[in-house]
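Residue strings, one per chain:
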Amino acid sequence: RDFCLSRGLGDVYKRQDTRPEDLATIIYTSGTSGEPKGVMLSHDNIHSNVAAAATVLPFEGRDVCLSFLPLSHIFERMAGHYLMYDVGASIAYAESLDSLLTNFAEVRPTFVMSVPRVYEKVYGAALHRALTGGMLTKSVFLWARRAGSEWADAKLAGREPRRLLALRHAVADRLVFSKLRSRMGGRLRYFVSGGAPLAAEINKFFYAAGLVILEGYGLTETSPVIAVNLPEHFRIGTVGWPLDGVEIGIAGDGEILCRGPNVMLGYYKDPDATRATIDAEGWFHTGDIGELRDGFLTITDRKKDIIVTAGGKNIAPQPIENRVRTNRFVSQAVMIGDGRKFPALLVVPNFDALEHWASAHGLAWRDRKELVALAAVRAHVEREVLAQLTGLAGYETPKKIAILDAEFSLALGEITPKLNVKRRVVARVHKDLIDDLYREGDQGA
């Protein structure tokens, strides 16, 4: 059945026999926490989410959006496609993720919808360039990052930075942050981030650089947006306020519940899964753990991802993984340990940074498998990772770290098209390595 959104919400063209509550699309979940399920979304599910987002996000008719996420997923389809049509923005489609920086320079977007993986890579690349560019470049970057962090803390607390701090930030902006904005095309007004948690450190770095990331939250089953930060209601470390018309509740066990016109019709040909997810009062059980404070929603972790060690300790892996990924030598990280004596960590290095470090230290290797097997390399990566995790409780701290020789693969199903890690697939693909980690741990116990 035909459905399209034009420049005005009143201009909804549809066949005469199509009603708002009718099925518009079936989108399969990525399966990051189980088997993929067909999510049935109605015309009104999508329309309500577009209408609510259009009234609160600061769009202008002259905005240009650079689109690079898959349109087969509801985040890009709703936010990067239907919403852009509704507000009258232009859409430019990136050639590929590999050409993204080139496309930023060509298109010079004003609005970009993205996932945290892209921000992590941009931040990691900036950090790597600075730390390998000579002593002066390194010192200037680290000084600018500190000045930016202090300036951001003041602004986010509602204070006007004092004269000296404002001057330091202005110098940092001229020397460092302006170059980052230029690489993003030079006229970006806002990023929007969704699909996975964004590390607060990375968000604050972009904020200090004049690149505001409005982090939001939602699922395929909620069309997708449940909550989002707004320029006037902005708090780093949260996913913002609920959209108009969307109710949020917190269950006794901390699970986030959602009710509203954006909640799906149900799972395709799976009434049992539908009943297990949407209760009799219409609350959709998200499977995420979080809390509401001052109107802002904070996500702690996926309910199904909580690690329970053999000793009965509960560990939320996502905040720990986020901290690890802010290190310039780390590209990806997955925590494991459910039912085990202790937690462990699988780490994919940032090979550009690691290879540069290894060359500078006179190490020799023929391929990445040999590189990560070198004792000096393993010791270096472990030191870097553990330095990111100071302050964790003893039971939360990984006792073993495995360094992988390749990025997680879409072909192997380890990541989704939105670049989210499917931890159960990762655990299956690397089962032998994980078993060896725990055998070594048992022998040393």
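Heads up: the structure comes first, above all this text.
Residues numbered from 1 in each chain as written. Predicted model: local features only at pLDDT ≥ 70, side-chain atom pairs only at ≥ 80, totals over all residues. Heavy atoms only, no water.

> When you look at the overall build of the protein in this model, what are you seeing that I'm missing?
Along the backbone of the protein there are 14 helices and 21 strands. In terms of C-alpha radius of gyration, the protein reaches 23 Å, essentially the compact-globule figure of 22 Å for 445 residues. For the C-alpha atoms alone, the extent of the protein along its principal axes is close to 70 × 55 × 40 Å. When the 445 residues of the protein are sorted by exposure, 52% land in the buried category. Here the analysis covers contacts within the protein between residues at least 6 apart in sequence; of these, 61% occur between residues at least 24 apart. Carbon and sulfur atoms make up 51% of the accessible area of the protein, which totals about 20400 Å². Of the charged side chains in the protein, 55 are positive and 53 negative, and the gap between their average positions amounts to 6 Å. (Helix = DSSP H or I, 4+ residues; strand = E, 2+ residues; numbered from the N terminus. Rg over C-alpha atoms; globule rule 2.2 N^0.38 Å. Buried < 20%, exposed > 50% of the residue type's maximum accessible area, 1.4 Å probe, protein only. Contact = heavy atoms within 4.5 Å. Areas by Shrake-Rupley, 256 points an atom, 1.4 Å probe, with all protein chains shown as cover. Lys, Arg positive; Asp, Glu negative; His and termini not counted. Charge placed at Lys NZ, Arg CZ, Asp CG, Glu CD.)

> Help me out: how do you make sense of the sheet that holds strand E3 (residues 23–28) in this one?
To summarise the sheet geometry, strands pair through backbone hydrogen bonds and adopt either a parallel or an antiparallel arrangement. Read from one edge of the open sheet, three strands run E3-E4-E14, paired in antiparallel fashion. Two strands in the sheet have a free side with no partner beyond their single neighbour: E3 and strand E14 (266–267). In the sheet, E3 pairs with strand E4 (residues 38–42) via five bridges, with the strands oriented antiparallel. Note that in E4 the partner of Tyr 28 across the bridge is Gly 38. Set on the sheet, helix H1 (residues 43–56) makes contact with E3 and E4; between it and E4 the angle comes to about 70°. (Pairing = 2+ DSSP bridges. Axes fitted to C-alpha atoms, helices over the stretch in contact; angles between N-to-C directions.)

> What am I meant to see in helix H5 (residues 135–156) here?
Each full turn of the α-helix corresponds to 3.6 residues, which orients residues three or four apart in the same direction. The first and last C-alpha atoms of H5 sit 31 Å apart over 22 residues, in line with the 32 Å expected at 1.5 Å per residue. Within the span of H5, buried status applies to Phe 141, Ala 144, Ala 147, Gly 148, Trp 151, Ala 152 and Ala 154. The arc that holds every buried residue of H5, seen down its axis, measures 150°, which confines them to one face. (Expected span 1.5 Å × (residues − 1). Arc of directions from axis to C-beta.)

> Can you walk me through the packing of aromatic side chains in this structure?
The geometry of an aromatic ring pair is captured by the separation of the ring centres together with the interplanar angle, meaning the angle of the planes. For the structure on display, the rule yields 14 aromatic pairs. Judged by centre distance (5.7 Å) and plane angle (75°), the ring pair of Tyr 119 and Phe 206 falls under edge-to-face. With Tyr 119 in helix H4 (residues 116–131) and Phe 206 in helix H7 (residues 200–208), this pair connects stretches of sequence that are 87 residues apart. The same class applies to Tyr 119 and to Phe 206, which are both buried. Where Phe 177 meets Phe 205, the ring centres are 5.8 Å apart and the plane angle is 75°; that geometry is what we call edge-to-face. (Phe/Tyr/Trp six-rings, centres within 6.5 Å; stacked < 30°, edge-to-face > 60°.)

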